[in-house]
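Analysis of the macromolecular model
Residues per chain, in single letters:
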Amino acid sequence: MMYADVDVTGHLSGVNSQKLNESIIQVSRLFELILDSNIREEVNVVFLSDHGMASVSDTNIINITSVVDMSLITDIMEAGPLTYIYPRSGKENEPKTLKGLLQFKAHHGYDNAEKDMRGIFSAIGPDFKTQLTVPPIKMVDVYQLICHVTGIHPNPHNGTWAHVQSMLRDNHQVHVDL
Ligand SMILES: [Zn+2]
């Protein structure tokens, strides 16, 4: 189940906004319902986000026309923290990458080494140990974990088993990475 409201509200209202807090509380209530039910004894539930989010300020806008010769480009497309600039034919060897932040109060898509870009991960159920905190894992580590607890043989992937095995009660790797 994908719950997009936290992401949308974060973009529009900012990471420290009351609206985002309310959205997080709504999702938390859903998670609490799961935790309070008997389902936790029978079903593995993984609760995660696919990214973090950082505040942006409309005072940090870069005016593209002040740093790019507009006669060299055909189009500009804003896509989150990055802006795509399409050069005219024959001008492709003059690329520029600029941070472009327009109507949103928060964004993701920055360097994933930034702590603000980290997501959350929590799991509960018969295959997972309880009361355990593990070091940060990478998004590519999740796939093998889901395959393991659902008994699905994984396709080749970039996850590292050592990153997730300590979470599992039975942590020998049933499915070998290909
Ligand atoms: Zn988003």
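Residues numbered from 1 in each chain as written. Predicted model: local features only at pLDDT ≥ 70, side-chain atom pairs only at ≥ 80, totals over all residues.

What follows deals with the environment of V43. Tracing the sequence through the fold places V43 in the loop between helix 3 (39–42) and strand 1 (45–48). Residue classification places V43 among the partly exposed residues on the basis of 14 C-beta atoms within 10 Å. Once the C-alpha coordinates of V43 and I124 are considered, the two residues, 81 residues apart in sequence, prove to be 8.2 Å apart. (Helix = DSSP H or I, 4+ residues; strand = E, 2+ residues; numbered from the N terminus. Buried ≥ 20, exposed ≤ 12 C-beta atoms within 10 Å, placed from the backbone.)

Attention shifts here to the nonpolar core. Core analysis: the largest hydrophobic core is formed by 5 residues, namely A123, V142, L145, V164 and M167. Sequence-distant contacts of V164, defined by excluding residues within four places in its chain, comprise I137, D141, Q144 and L145. (Core = buried A, V, L, I, M, F, W, Y, C linked by C-beta atoms within 7 Å. Contact = placed C-beta atoms within 7 Å.)

The pLDDT averaged across the protein chain works out to 84; a share of 88% of its residues lies at or above 70. Long-range and interchain partners of residues 97–102, a stretch whose pLDDT sits below 50, account for 17 contacts in this model, where long-range means more than four residues apart. Contacts of residues 174–178 to residues separated by more than four positions or lying in other chains number 8 contacts, the stretch itself having pLDDT below 50. (pLDDT = per-residue confidence, 0-100.)

Taking 1.5 Å of rise per residue, 12 residues should cover 16 Å, and helix 5 (residues 139–150) covers 18 Å from first to last C-alpha, within 8% of that figure. Looking at the buried residues of helix 5, the elements they touch are strand 1 and helix 6 (161–164). Backbone geometry just downstream of helix 5 places G151 in the positive-phi region, at approximately 75°. (Expected span 1.5 Å × (residues − 1).)

This next bit is on the environment of N158. Checked against the element boundaries, N158 lands in the loop between helix 5 and helix 6. Taking the number of C-beta atoms within 10 Å as the measure of exposure, N158 has 11 and is therefore exposed. Expressed as a C-alpha distance, the spacing of N158 and V140, which sit 18 residues apart in the sequence, is 5.9 Å.

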